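Descriptive analysis of the structure
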Amino acid sequence: MRSSLLSDIRADILRLQRFDKRVLARLIWDSPGLKVVIIYRLGHWLFSIGKNPLWWPLLLILKPVYWVFVAYMRFSSDIFISSSAEVGPGLYIGHFGGIRLSNCRLGAHCSIHQAVRLEPMPGSNNGPIIGDKVWIGAHAWIQGHFQIGDGATVGAGAQVTQDIAAGCLVLGNPARVMQRDYDNSSFL
């Protein structure tokens, strides 16, 4: 069941507020990851309502504004979430720079750090499927149609070349399971 735009944005904000107790407006202003996620969610909503002709006059105004925001955020923070990505509520992007998400599916309450790439293999449209509460460290790369189970932890610099079971900690290039039943809740 797909949740609503506002509940997804609320989950993203609440997730960030656990780590940072500043005033909401200041929090949104200072967090490039949160801004990109909100813009992605608004774009996803715009594309979904575009199927209804009654919304087309409003879309003539909002879509160009959306693309300007996307270009600005891609230039200023170097984070790009393609409209082909499906992102669950509560996404936390802790750092900016080099993040690319395309043709992938992320579950609820995932964490992503800088220079992470989640994308399909060249010439394919099937990207990775990431479960709920997955932590993905800096410079990790998941390219291809791999499944990462709920609660898994992909360490910094790991290059995933196979499916990862739920609750596993994987490290290295290529990524290898270092520990099963790993609990990432303390830093997620």
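Refer to the preceding data block for the structure.
For clarity, every value in this text was computed on a predicted model and none was experimentally measured. Along each chain, numbering runs from 1 in the same order as the chain's sequence is written. Only residues with pLDDT of at least 70 are given local features in this predicted model, and only at 80 or more are side-chain atom pairs given and counted; all residues enter the totals for whole chains, interfaces and linings. Values shown for side chains rest on all heavy atoms present in the structure; no hydrogens or waters enter the calculation.

In DSSP terms, a helix is any run of H or I states spanning at least four residues, a strand is any run of E spanning at least two, and both are numbered starting from the N terminus. Relative to the helices and strands, Ser82 resides in the loop between β1 (79-81) and β2 (86-87). In the analysis that follows, any N or O atom pair within 3.5 Å is treated as a polar contact, provided that within protein one partner can donate a hydrogen and the other can accept it, and provided that, for residues neighboring in sequence, both atoms belong to side chains. For Ser82, the side chain forms a polar contact with the side chain of Ser84, separated by 2.9 Å. Among residues more than four places away in sequence, those in contact with Ser82 are Tyr40, Leu101 and Ser102. Working rule for contacts: check all heavy atoms of both residues, and any pair within 4.5 Å makes them a contact.

A cluster of nonpolar side chains, Leu60, Ile61, Val65 and Phe69, forms an exposed patch at the surface whose accessible area comes to about 420 Å². Secondary-structure assignment places Phe69 in helix α4 (residues 56-77). Residue Phe69 is classed as partly exposed on the basis of its relative accessible area, which comes to 45%. Note that patches include only residues with greater than 30% relative accessible area and no salt bridge, and the join distances are 9 Å for like charges and 5 Å for nonpolar side chains (Val, Leu, Ile, Met, Phe, Trp, Tyr). Reported accessibility uses the Shrake-Rupley method at a 1.4 Å probe radius. Residues are deemed covered only where the shown protein chains occlude them. What counts as a salt bridge is simple: a side-chain nitrogen of Lys or Arg found within 4 Å of a carboxyl oxygen of Asp or Glu. Burial classes: relative accessible area under 20% of the type maximum marks a residue as buried, over 50% as exposed, and values in between as partly exposed (1.4 Å probe, protein chains only).

Turning next to the pattern of salt bridges. Applying the stated criterion across every chain, the model contains four salt bridges. For the salt bridge of Asp12 with Arg41, the shortest nitrogen-to-oxygen distance reads 2.5 Å. Here Asp12, found in helix α1 (residues 5-17), pairs with Arg41, found in helix α3 (residues 32-49); they are 29 residues apart in sequence, far enough to count as distant. Judged by relative accessible area, Asp12 falls into the buried class, the value being 1%.

Moving on, we come to the packing of aromatic side chains. Centres within 6.5 Å make a pair out of two Phe, Tyr or Trp rings, where for Trp the six-membered ring is used; the pair is then stacked when the planes are under 30 degrees apart, edge-to-face when over 60, and tilted otherwise. With the rule as written, the count across this model stands at six aromatic pairs. Here Phe47 and Trp67 contribute two aromatic rings whose centre-to-centre distance is 6.1 Å and whose plane-to-plane angle is 65 degrees, an arrangement assigned as edge-to-face. Separated by 20 residues along the polypeptide, Phe47 in helix α3 and Trp67 in helix α4 bring together distant segments of the chain. Taking 5.0 Å as the distance between ring centres and 65 degrees as the angle between the ring planes, the aromatic pair formed by Tyr66 and Trp67 counts as edge-to-face. Using a relative accessible area of 45% as the deciding quantity, one classes Trp67 as partly exposed. An aromatic cluster of three or more residues is present, and its members are Phe47, Tyr66 and Trp67. Note that Lys35 overlies the ring of Trp29, its terminal NZ or CZ placed 5.1 Å from the centroid. Sitting over the ring of Phe80, Arg74 keeps its end group 4.1 Å from the ring centre. Geometrically, a lysine NZ or arginine CZ counts as sitting over a ring once it is within 6 Å of the ring centre and also within 35 degrees of the ring normal.

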